[in-house]
Amino acid sequence: MNWPEKVTIKEVGPRDGLQNEKVIIPAQSKMEWIDQLSDTGLSYIEVTSFVHPKWIPQLSDAALVAKGIKRKPGITYAALVPNQRGLESALAANIDDISVFMSSSETHNLKNINKSISDTFPILKDVIRTAANSGKTVRGYVSTVFGCPYEGEVSTDQVFRVCDQLFEYGIDEVSLGDTIGVASPRQVALFLEQAVKRYDMSQIALHFHDTRGMALANILESLNYGIDTFDSSLGGLGGCPYAPGASGNVATDDLVHMLHKMGIHTGINPEKLMKAAAMVQSFLEKPLPSHQMAVNNAQ
């Protein structure tokens, strides 16, 4: 076992978690929740997405939220942007870290972005370079790495082709997503055995969904390959609007519980994290799906 001493958890609940919820939380409530997340010890919070409100109405208040939160020193506040217009809005809101996104499978990319992979590259190239020239760090989400809801298995070569191009454009980190939660520890191991020969693992994050209850097992396997950065969503919120059947992200509270039990540091206070989970649960008026929240709600 070659586990890291410390793991960085990137909280994506305010964006990836809320974008798939039917209930639209008011901007003021979102700001209160993000402010509470800022008090948990998290070092990275993805606060919103500057996509057109037509596509993600739940996040139509992106600029208001990004400008209204109380920022704490040492925390990176990130947002997702689809194009130059979204980038301009994110820069105006003083977002620290710009996230771009695309899929490794052609059909999901068409459904999600309404463009082919080849047509997406030049758009992201401009966003990445403009963001970098503006002094921002840039990360890229690559979806459907371990399986596509439309095409099934996605070849490792295809994933690497997308990652190679993004790194060539100057991206700082790539987050590899199991968008529909189909990965197994064996599949993760086979993929990472090839990835470690090609990339610096400090530039790779993993983004697992828990559709089939495999997310924590996949993270455990990933730790053995030097991965020490994972995306997660408090309470297990989330899903993908363009991936039928995809349920929530791996739950931040479950991930923190597992890592702390293993003696791996996260810098996160579990008690404060649960308070933040209870807050967003009250806003949504439904139980959150994480194991920690099930225990908390039963007490």
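Model, not experiment: these values are computed from the prediction. (Residues numbered from 1 in each chain as written. Predicted model: local features only at pLDDT ≥ 70, side-chain atom pairs only at ≥ 80, totals over all residues. Heavy atoms only, no water.)

Asker: So, the overall build of the chain: which residues are in play, and what are the values?
Answerer: Looking only at helices and strands, the chain has 12 helices and 8 strands in total. Taking 299 residues into account, the globule formula puts the C-alpha radius of gyration at 19 Å, and the chain, at 18 Å, falls close to it. Along the three orthogonal principal directions, the C-alpha set of the chain runs to about 50 × 45 × 35 Å. Taken across its 299 residues, the chain has 55% of its residues classed as buried. Considering only contacts in the chain between residues 6 or more positions apart, those separated by 24 or more positions represent 75%. For the chain, the accessible area works out to roughly 12400 Å², and carbon and sulfur atoms hold 50% of it. Here the chain contributes 26 positively and 33 negatively charged side chains, and the mean placements of these two sets differ by 4 Å. (Helix = DSSP H or I, 4+ residues; strand = E, 2+ residues; numbered from the N terminus. Rg over C-alpha atoms; globule rule 2.2 N^0.38 Å. Buried < 20%, exposed > 50% of the residue type's maximum accessible area, 1.4 Å probe, protein only. Contact = heavy atoms within 4.5 Å. Areas by Shrake-Rupley, 256 points an atom, 1.4 Å probe, with all protein chains shown as cover. Lys, Arg positive; Asp, Glu negative; His and termini not counted. Charge placed at Lys NZ, Arg CZ, Asp CG, Glu CD.)

Asker: I'd like to hear about the nonpolar core, residue by residue, with values.
Answerer: Ranked by internal contacts, the top residues of the largest apolar core, which has 93 residues, are Trp33, Phe50, Ile95, Leu176 and Phe191. Setting aside residues no more than four positions away along its own chain, Phe50 makes contact with Ala62, Ala63, Ala66, Ala79, Leu80, Val81, Pro82, Gly86, Ser89, Ala90, Ala93 and Ile95. (Core = buried A, V, L, I, M, F, W, Y, C linked by side-chain atoms within 4.5 Å.)

Asker: Describe in detail the environment of Arg71, supporting the description with residues and values.
Answerer: Residue placement: Arg71 occurs in the loop between helix H3 (62-68) and strand E3 (76-80). Each residue touching Arg71, except ones within four places of it in the same chain, is listed here: Ala66, Tyr77, Ala93, Asn94, Ile95 and Asp96. Within the structure, the side chain of Arg71 is placed 3.0 Å from the backbone oxygen of Ala66, a separation counted as a polar contact. At 2.5 Å, the side chain of Arg71 and the backbone oxygen of Asn94 are in polar contact. (Polar contact = N/O pair within 3.5 Å; in protein donor to acceptor, adjacent residues only side chain to side chain.)

Asker: Before we move on, could you go through the pairing of E3 and cite the residues and values that matter?
Answerer: The element E3 is largely enclosed, with a buried count of 4 among its 5 residues. Bridge count between strand E2 (residues 44-49) and E3: 5 bridges; the pairing is parallel. Bridge pairing links Glu46 to Ala78 in E3. On the question of chirality, the crossover connecting E2 to the parallel E3 by way of H3 is right-handed. Inspection of the sheet shows E3 paired to strand E4 (residues 97-103) by 3 bridges, in the parallel sense. Its bridge partner being in E4, Ala78 is matched across the sheet by Asp97. As a crossover connection, the stretch from E3 through helix H4 (residues 84-92) into E4 is right-handed. (Pairing = 2+ DSSP bridges. Right-handed = clockwise from strand over helix to strand, strands pointing away.)

Asker: Can you explain the pairing of strand E7 (residues 204-208)? Please cite residues and give values.
Answerer: The buried fraction of E7 is high, at 5 of 5 residues. The alternating pattern of E7 places Ile204, Leu206 and Phe208 on one face and Ala205 and His207 on the opposite face, and all of these are buried. Pairing between strand E6 (residues 173-178) and E7: 5 bridges, direction parallel. Note that in E7 the partner of Leu176 across the bridge is Leu206. Sheet topology note: the E7/strand E8 (residues 229-232) ladder contains 2 bridges and is parallel. Paired with His207 across the bridge in E8 is Asp231. For the segment spanning E7, helix H9 (residues 215-223) and E8, crossover handedness is right-handed.

Asker: Give me the lowdown on helix H10 (residues 252-261), citing residues and values where you can.
Answerer: Because an α-helix completes one turn every 3.6 residues, residues spaced three or four positions apart along the sequence face the same direction. Burial runs high along H10: 7 of the 10 residues are buried. Of the residues making up H10, those classed as buried are Thr252, Asp253, Asp254, Leu255, Val256, Met258 and Leu259. Check the buried side of H10 and you find it contacts strand E1 (8-11), H9, E8, helix H11 (270-284) and helix H12 (291-298). Where H10 terminates, the next one or two residues include Gly263, which has phi positive at roughly 80 degrees.

Asker: Kindly report on the side chain of Thr48, identifying the contributing residues and their values.
Answerer: Here Thr48 shows up in strand E2. With relative accessibility at 1%, the residue Thr48 sits in the buried group.

Asker: Describe the packing of aromatic side chains, naming the residues involved and giving the relevant values.
Answerer: Per the stated rule, a full pass over the model turns up 6 aromatic pairs. Between Phe121 and Tyr169, the ring centres sit 6.3 Å apart and the planes meet at 75 degrees, which makes this aromatic pair edge-to-face. Taken together, the positions of Phe121 in helix H6 (residues 117-133) and Tyr169 in helix H7 (residues 156-169) put the pair 48 residues apart, joining distant regions of the chain. In this pair, the class of Phe121 matches that of Tyr169, namely buried. Between Phe146 and Phe191, the aromatic rings sit 5.4 Å apart at their centres with planes inclined by 65 degrees, giving edge-to-face as the arrangement. Taken together, the positions of Phe146 in the loop between strand E5 (137-143) and H7 and Phe191 in helix H8 (residues 185-195) put the pair 45 residues apart, joining distant regions of the chain. Owing to a relative accessible area of 3%, Phe146 belongs among the buried residues under this scheme. For Phe191, a relative accessible area of 4% gives the class buried. What links up through ring pairs into an aromatic cluster is the set Phe146, Phe160, Phe167, Phe191, Tyr199 and Phe208. Looking at Lys10, its charged tip hangs above the ring of Tyr44, at a distance of 4.3 Å from the centre. (Phe/Tyr/Trp six-rings, centres within 6.5 Å; stacked < 30°, edge-to-face > 60°. Lys NZ or Arg CZ within 6 Å of the ring centre and 35° of its normal.)

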